[in-house]
Amino acid sequence: MIDETLLEAEEKMDTAIDFAKEQFAGIRTGRANAGMFSSIQVDYYGAPTPLQQLASFNIPDARTVLITPFDKSSMTTIEKALRESDLGVNPSNDGNAIRIIMPALTEERRRDYVKMAKGKAEDARIAVRGVRRKAKEQIDRLVKDGEVGEDEGVRAEKELEVLTKKHVELVDQLLAGKESELLEV
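The notes below deal with the structure included here.

Thresholds, definitions, all that
Residues numbered from 1 in each chain as written. Predicted model: local features only at pLDDT ≥ 70, side-chain atom pairs only at ≥ 80, totals over all residues. Heavy atoms only, no water. Helix = DSSP H or I, 4+ residues; strand = E, 2+ residues; numbered from the N terminus. Rg over C-alpha atoms; globule rule 2.2 N^0.38 Å. Buried < 20%, exposed > 50% of the residue type's maximum accessible area, 1.4 Å probe, protein only. Contact = heavy atoms within 4.5 Å. Areas by Shrake-Rupley, 256 points an atom, 1.4 Å probe, with all protein chains shown as cover. Lys, Arg positive; Asp, Glu negative; His and termini not counted. Charge placed at Lys NZ, Arg CZ, Asp CG, Glu CD. Core = buried A, V, L, I, M, F, W, Y, C linked by side-chain atoms within 4.5 Å. Pairing = 2+ DSSP bridges. Axes fitted to C-alpha atoms, helices over the stretch in contact; angles between N-to-C directions. Expected span 1.5 Å × (residues − 1).

1. Regarding the overall build of the chain
- Across its full length, the chain carries four helices and six strands.
- Helices and strands in the chain line up, N terminus first, as α-β-β-β-β-α-β-β-α-α.
- For a compact globule of 185 residues, the expected C-alpha radius of gyration is about 16 Å, and the chain comes in at 22 Å, more than 25% above that figure.
- Each of the three principal axes of the chain carries a C-alpha extent, and together these read 70 × 40 × 20 Å.
- Within the chain, the fraction of its 185 residues that count as buried is 36%.
- Long-range pairs, those at least 24 residues apart, make up 63% of the contacts in the chain with a sequence separation of at least 6.
- Accessible surface for the chain amounts to roughly 10600 Å². Of this, 51% is attributable to carbon and sulfur atoms.
- Where the 28 positive side-chain charges of the chain centre and where its 35 negative ones centre are 6 Å apart.

Below, the structure is given as structure tokens:
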């Protein structure tokens, strides 16, 4: 029963790490990448649809993104969604594709992105700690109900702490990588 609790906690912590990676991918760095557009929703025939499902992405150079919609009739809604996004880009439409030239990042904008990354990292740490808290409550309940011995409960809590520490360190490593990526000129 305790092993199931620990396994479930580890899976949930891994999910939190995966979510943090997705969040970090959405933060713009000096280089253009398709991950920056992962959170953009386009109003496609009345339904909010992820941009990745409506178009293909091509990155010809470090600061240019070429978005080619699968359905040409959706170009104006895609363009509108890009303009209204928090990326700070101005798309240009040539009739076949939407071209985005990413502006060079200023030092102030880089610092803002680092703050945003730190906030997302803290959210991931909070999620990991929340999983730890719930797993600890489950272990305590098992010990209290007499389903497992106290020694086994203590051992499980130590394993849970090791698991939590490992995942928090993973978040810190992801943050450090993103920070260095953002601050390189």
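2. Some details on the environment of L175
- Relative to the assigned elements, L175 resides in helix 4 (residues 150–183).
- As a C-alpha pair, L175 and R99 span 76 residues in sequence and 30 Å in three-dimensional space.
- In this view, L175 contacts F24, A117, K118, A121 and R125; residues no more than four positions away in its chain are not counted.

3. Focus: the nonpolar core
- Judged by nonpolar contacts, the single largest core of 19 residues is most densely connected at F37, L51, I67, I78, L82 and I100.
- Elements represented by at least two residues in this core include exactly strand 4 (64–69), helix 2 (75–84) and strand 6 (98–101).
- Broken down by element, this core gets its largest block of residues, four residues, from helix 2.
- Dropping the residues within four chain positions of it, I100 is found in contact with F37, R63, T64, V65, I67, L82, V89 and P91.

4. Quick look at the pairing of strand 3 (residues 55–61)
- Of the pairings in the sheet, the one linking strand 3 to strand 4 comprises five bridges and is antiparallel in character. Pairing of S56 across the sheet is with T68, part of strand 4.
- Taking the residues between adjacent antiparallel strands as the criterion, strand 3 and strand 4 are bridged by two residues.

5. Concerning the sheet that holds strand 6
- Across the sheet, which stays open at both edges, the four strands sit in the order 3-4-6-5 with antiparallel pairing between neighbours. One side of each edge strand has no neighbouring strand; the edge strands of this open sheet are strand 3 and strand 5 (92–93).
- Sheet strands in contact with helix 2 are strand 3, strand 4, strand 5 and strand 6, and its direction is about 20° off that of strand 6.

6. Remarks on helix 1 (residues 2–25)
- End to end, helix 1 covers 35 Å across 24 residues, agreeing with the expected 34 Å (1.5 Å per residue, within 8%).
- Buried residues of helix 1: I2, T5, L6, A9, M13, A16, I17, A20 and F24, and no others.
- Contact partners of the buried residues in helix 1: helix 3 (107–144) and helix 4.

Note that all results are geometric; they support no functional claim without further evidence.
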